[in-house]
Amino acid sequence: MAFKESFLWGGATAANQYEGGFDEGGKGLNAIDVVTNGSATEPRCVTWKKADGTTGKSPISWGGEYLDFPADAEPALVDGFYYPSHTATDFYHHYEEDLKLMAEMGFKCFRLSLNWSRIFPNGDDPEPNQEGLAFYDKVFDLCHQYGMEPLVTLSHYETPLDLMIRFRGWHDRRMIDIFENYARTVFKYYKGKVKYWLTFNEINAMEMCPYMGGGLLDDNAQNRAQGAHNQFVASAKAVRAAHEIDPEMMVGQMLAYQPAYAYTCDPADQVLVLEHDQQMLFYTDVQSGGRYPDYQWKKYEREGIKLDDEPEDYELLKNYTVDFLSFSCYGSGVLTTHETEAKASGNLGMNGVKNPYLETNAWGWATDPQCLRLALNTLWDRYHKPLWIVENGIGWSDQIAEDGKIHDDYRIKYLQANIQSMDDAVNIDGVDLMGYTMWGCIDLVSNGTGEMKKRYGFVYVDRDDRGNGSLKRIPKDSFYWYKKVIENKGSDLSI
């Protein structure tokens, strides 16, 4: 069946993985500008410097381990390390070419993030950087010229470095008003050009990787909880600001979501899945539901966590929930309380036990043909807010064939299964789905590993894991397949 005429087909990117131009146009440093490359076996690291000149690095972990960052150090650039974000795949200088390619595919929507430190180099400067504002102005104008709606993320792992050094991240309540000022500034400036906004990318990254999600240097359970609370309040204030500035604006939340299966019918495995869901859905219960769930208060009570809060915080959360709920979903996970050798790996929390019914790629990612239907129904039934899949895709080591083309049938196969799954959720189950923006539509740096060879896009970019390459763009087979899918509104997924 076909999707509705207004369905927003497109692709998604993030400035820290795609934009480049890290020291151009008046931009300041941000959290990812001091993060090194890594690989499937070696973690990315934050580099730092102490007052006595000593330098070092601290590994970043996705999945809950605490960051071992020296208390007397500051995140800093250090000679001898490679930082992929500095050039990434250089949208800063290739935006005209890239947007033209997206338009050729027929995109109705392009998701990107603002680089906060391009607008406010130190995060809270008295005035915004006009050169930074002008860059995105050109991008948005060109989007509209091509008939594409921008979907703009305010904070996508790009906390300004100066705020991190001064406040050591989002557990400081001063970040709330600083973020509100940033949001109000860009809402006013881009009024009439940007209708759809997201506040914090994968807000539950505060739990999974708080350096990325919240710029936290002092990483512990108390600071993670406080950082999440402060982002909730900041998001509510951003919703209020957007509605005051332009009632046509819609502000959504963004969650990293992953359906989980119990490995056995042991009741203990079912409880483990319940607890997994609570850990993820806590963030949507607050941002979309407007209140802290009872299970989270009980968890904080058990852990001795006390929030630095104000009564006004909870009124803001109740009165300024998000207008829609967007999420990333790359696959499912399998959980068990039992010992097993069938360990899994993969994106974000896609770990636990290997699912014997699914095929996986070199990074351990499994293609689940029912994943999006399950995710969409769970979120729709719980919140009854319009949904938007803003990240879904698969990383693969694409190769240029002898004919000069990239034959990525594996990506097409993955997308066929996932688009059919969301079709089922819409046309069988009646879920209200606004759009679909496939992740990494133009090749970009992998967030998890800092690699280029773990490619996502419909368009190949000539760039390797050490920053070598011409940055030439080459459409892959999936480029032409997705163009056809958009043309027929998803009614024909055949190759």
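See the structure shown above.
Quick caveat: nothing in here was measured; it's all calculated off a predicted structure.

Cut-offs applied
- Residues numbered from 1 in each chain as written.
- Predicted model: local features only at pLDDT ≥ 70, side-chain atom pairs only at ≥ 80, totals over all residues.
- Heavy atoms only, no water.
- Pairing = 2+ DSSP bridges.
- Helix = DSSP H or I, 4+ residues; strand = E, 2+ residues; numbered from the N terminus.
- Buried < 20%, exposed > 50% of the residue type's maximum accessible area, 1.4 Å probe, protein only.
- Contact = heavy atoms within 4.5 Å.
- Axes fitted to C-alpha atoms, helices over the stretch in contact; angles between N-to-C directions.

Enquirer: Mind showing me how you'd approach the pairing of strand β2 (residues 45-50) here?
Expert: Regular strands place side chains that alternate from one sheet face to the opposite one. Bridging between β2 and strand β3 (residues 55-59) involves five bridges; their strand directions are antiparallel. Paired with Val46 across the bridge in β3 is Ser58. Counted between consecutive antiparallel strands, the loop separating β2 from β3 contains four residues, among which Gly53 sits at a positive phi close to 95°. Note that β2 and strand β4 (residues 73-75) share three bridges and pair antiparallel.

Enquirer: Please clarify how the side chain of Thr47 should be interpreted in this entry.
Expert: Tracing the backbone shows Thr47 in strand β2. A relative accessible area of 0% means that Thr47 is categorised as buried. In contact with Thr47, other than residues within four places in its own chain, are Val34, Thr36, Gly56, Lys57, Glu74, Pro75, Ala76, Leu77, Val78, Phe81 and Tyr83.

Enquirer: Is there a simple way to think about the sheet that holds strand β1 (residues 8-12) in this case?
Expert: One key point about sheets: their strands pair by backbone hydrogen bonds, in either a parallel or an antiparallel sense. Read around the closed barrel, the eight strands follow the order β1-β5-β6-β7-β8-β10-β14-β15; overall the barrel is parallel. Neighbouring strand axes in the sheet, compared pairwise and without regard to direction, differ in orientation by 25° on average. Pairing geometry for strand β8 (residues 250-256) and strand β10 (residues 324-328), over five bridges, is parallel. Paired with Leu255 across the strands is Phe327, a residue of β10. On the sheet, helix α6 (residues 174-189) packs against β6 (149-155) and β7 (196-200) and is oriented at approximately 160° with respect to β6.

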